[in-house]
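Each chain, letter by letter, is given below.
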Amino acid sequence: GEATPKGPFVPTQADYQKVYDAIADRLANETDYDDGSYGPVLVRLAWHASGTYDKETGTGGSNGATMRFAPESDHGANAGLKHARDFLEPIKAQFPWITYSDLWTLAGSAAVQELGGPKIPWRPGRADGDIAACTPDGRLPDASKDHRHIRAVFGRMGFDDREMVALCGAHSLGRAHADRSGFDGPWDFSPTVFTNEFFRLLVDEKWNQRKWNGPAQFTDKGTSTLMMLPTDLALVKDKAFKQHVERYAKDSDVFFQEFADVYVKLLELGVPFKSKPEDRFVFKTSE
Ligand code: CCH
């Protein structure tokens, strides 16, 4: 018979699940990094790609993946995220049809799921931008600041108090690196597993200022091996924030649900989707 003319390739949910699976495979195989997983730095890449959003001007956000370019790649807050971008290059080569902006956010969703966190529904629709769309420096939070700074920065993205606290629970994952941010150490004893430990430790531990030459940060009285940033401790110093810290410390299910909702919202800030929220994909987590 006659050959059907081929239109442009339109990926389906199954195609995106293949991308998810390739990321999950690579996460499982590339364990010679940090605490054994690239997952945390992928979560941070998705967050820093998205967290530049400004609701007033509609600029920034994950649409565009402008962190591929200097100056945005060189912004101080993005130090170290090259590890995450480079980790995803073989995936981009295997699935050249996906945009970087979709790939980075899909990887952020996959990393949370693969590290034992909640399902993070995700949908495609982001287009890569050019260098002219790079956001100005200073849109991401500065860890040396206080509760007012957290409210100003996350308020600019359109989040309320509850959402700000839930998002910061991602610090259950990964660590700070002296050669990236200047801060140093993990927040809890299981930095490659998504838990509510960050909140439990904020409530249950006593945190002392660390005596060292680096920037002001805090260490746990019990073992002196963990750390909190000044902005982390602001979440228990501020009464309105603290009430959510306590809820999440007490109930892991509540934290997982509220984190999932707000992380989905973060990854979609400023994206001109043609699809509807109910069209989001829920990816199968690997075995
Ligand atoms: Fe964060 N974060 N973050 N963070 N973050 C750092 C590391 C991670 C702040 C500062 C820092 C969120 C909110 C905030 C992750 C996810 C999220 C580091 C160390 C600093 C500093 C970087 C380094 O040295 O490598 C501040 C300030 C705020 C808010 O006020 C939010 C929101 C998220 C995600 C939803 C993750 C994950 C890491 C670990 C990265 C790694 O490489 O292990």
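Keep in mind that what you see is a predicted model, and the values were worked out from it rather than measured.

1. Concerning the overall build of the protein chain
Line of reasoning, step 1. From N to C terminus, the protein chain includes 10 helices and 5 strands.
Line of reasoning, step 2. Against the compact-globule benchmark of 19 Å for 287 residues, the protein chain has a radius of gyration of 19 Å, which places it among compact chains.
Line of reasoning, step 3. Relative to all contacts within the protein chain whose residues are 6 or more apart in sequence, the contacts with residues 24 or more apart total 75%.

2. Examining the sheet that holds strand β4 (residues 218–220)
Line of reasoning, step 1. Taking strand neighbours across the sheet as the criterion, the 3 strands line up as β3-β4-β5 in an open arrangement whose pairing is antiparallel. In this open sheet, the two strands that pair with only one neighbour each are β3 (207–209) and β5 (227–228).

3. Describing helix α4 (residues 100–114)
Line of reasoning, step 1. Its 15 residues give α4 an end-to-end C-alpha distance of 20 Å, which sits within 8% of 21 Å, the value for a rise of 1.5 Å per residue.
Line of reasoning, step 2. Burial of α4 is extensive: 15 of the 15 residues sit out of reach of the surface.
Line of reasoning, step 3. Downstream of α4 by one or two residues, G116 has phi in the positive range, about 95 degrees.

4. Side note on the domain arrangement of the protein chain
Line of reasoning, step 1. Assigned domains within the protein chain: domain 1 (13–139 + 262–279) and domain 2 (147–260).
Line of reasoning, step 2. Placing the centre of domain 1 and that of domain 2 at their C-alpha centroids yields a distance of 22 Å.
Line of reasoning, step 3. Contacts between the two partners involve 28 residues from domain 1 and, on the opposite side, 22 residues from domain 2.
Line of reasoning, step 4. Counting only elements with at least two residues in the side of domain 1 that touches domain 2, the list comes to α2 (39–50) and α10 (252–268).
Line of reasoning, step 5. Per-element accounting of the side of domain 1 that touches domain 2 gives the leading share, 6 residues, to α2.
Line of reasoning, step 6. A per-class count over the side of domain 1 that touches domain 2 returns 15 nonpolar, 7 polar and 6 charged.

5. So, the site of the ligand
Line of reasoning, step 1. Not every one of the 24 residues close to the ligand is listed here, only the nearest: P40, P141, A170, G174 and S181.
Line of reasoning, step 2. If you list the elements that add at least two residues to the shell around the ligand, you get α2, α6 (161–168) and β1 (175–176).
Line of reasoning, step 3. By residue number, the principal contributor to the shell around the ligand is α2, which donates 5 residues.
Line of reasoning, step 4. The residue inventory of the shell around the ligand, partitioned by class, reads 15 nonpolar, 6 polar and 3 charged.
Line of reasoning, step 5. In terms of domain composition, the shell around the ligand takes at least three residues from each of domain 1 (13–139 + 262–279) and domain 2 (147–260).

6. So, the confidence of the model for the protein chain
Line of reasoning, step 1. Averaged over every residue, the pLDDT of the protein chain is 97; residues scoring 70 or more account for 99%.
Line of reasoning, step 2. Taken together, the chains of this predicted complex give a pTM of 0.98 and an interface ipTM of 1.00.

7. Considerations on the packing of α6 against α10
Line of reasoning, step 1. Where α6 contacts α10, the two axes come as close as 9 Å, and the packing angle between them is 100 degrees. When the axis of α6 is compared with that of α10, the two are roughly perpendicular. Facing E163, A166 and L167 of α6, the residues of α10 in contact are F255, E258, F259, V262, Y263 and L266.
Line of reasoning, step 2. A class-by-class count of the residues in the contact of α6 with α10 yields 7 nonpolar, no polar and 2 charged.

8. Focus: the environment of Q94
Line of reasoning, step 1. One can find Q94 in helix α3 (residues 82–94).
Line of reasoning, step 2. Taking C-alpha positions, Q94 is 8.6 Å from V19, a pair spaced 75 residues apart along the chain.

9. Focus: the packing of α3 against α4
Line of reasoning, step 1. Their axes nearest at 11 Å, the elements α3 and α4 cross at an angle of 120 degrees. The orientation of α3 relative to α4 falls into the category oblique. Between α3 and α4 lies a crossing of right-handed hand. Contact residues: L88, I91 and K92 in α3; Y100, L103, W104 and A107 in α4.
Line of reasoning, step 2. Looking at side-chain class alone, the contact of α3 with α4 contains 6 nonpolar, no polar and 1 charged residues.

10. Let's talk about the nonpolar core
Line of reasoning, step 1. Residues L42, A46, W104 and A107 are the most contacted members of the largest nonpolar core, which totals 71 residues.
Line of reasoning, step 2. Tallying contributions element by element places α4 first for this core, with 8 residues.
Line of reasoning, step 3. When we break this core down by domain, the ones giving at least three residues each are domain 1 (13–139 + 262–279) and domain 2 (147–260).
Line of reasoning, step 4. Setting aside chain neighbours within four positions, we find A107 in contact with I23, L42, A46 and L88.

Calculation criteria
Residues numbered from 1 in each chain as written. Predicted model: local features only at pLDDT ≥ 70, side-chain atom pairs only at ≥ 80, totals over all residues. Helix = DSSP H or I, 4+ residues; strand = E, 2+ residues; numbered from the N terminus. Rg over C-alpha atoms; globule rule 2.2 N^0.38 Å. Contact = placed C-beta atoms within 7 Å. Pairing = 2+ DSSP bridges. Expected span 1.5 Å × (residues − 1). Buried ≥ 20, exposed ≤ 12 C-beta atoms within 10 Å, placed from the backbone. Domains from an automatic or database assignment. Nonpolar A, V, L, I, M, F, W, Y, C, P; charged D, E, K, R; others polar. Near = placed C-beta within 6 Å. pLDDT = per-residue confidence, 0-100. Axes fitted to C-alpha atoms, helices over the stretch in contact; angles between N-to-C directions. Parallel < 35°, antiparallel > 145°, perpendicular 65-115°, else oblique. Left-handed = near helix turned anticlockwise from the far one by under 90°. Core = buried A, V, L, I, M, F, W, Y, C linked by C-beta atoms within 7 Å.

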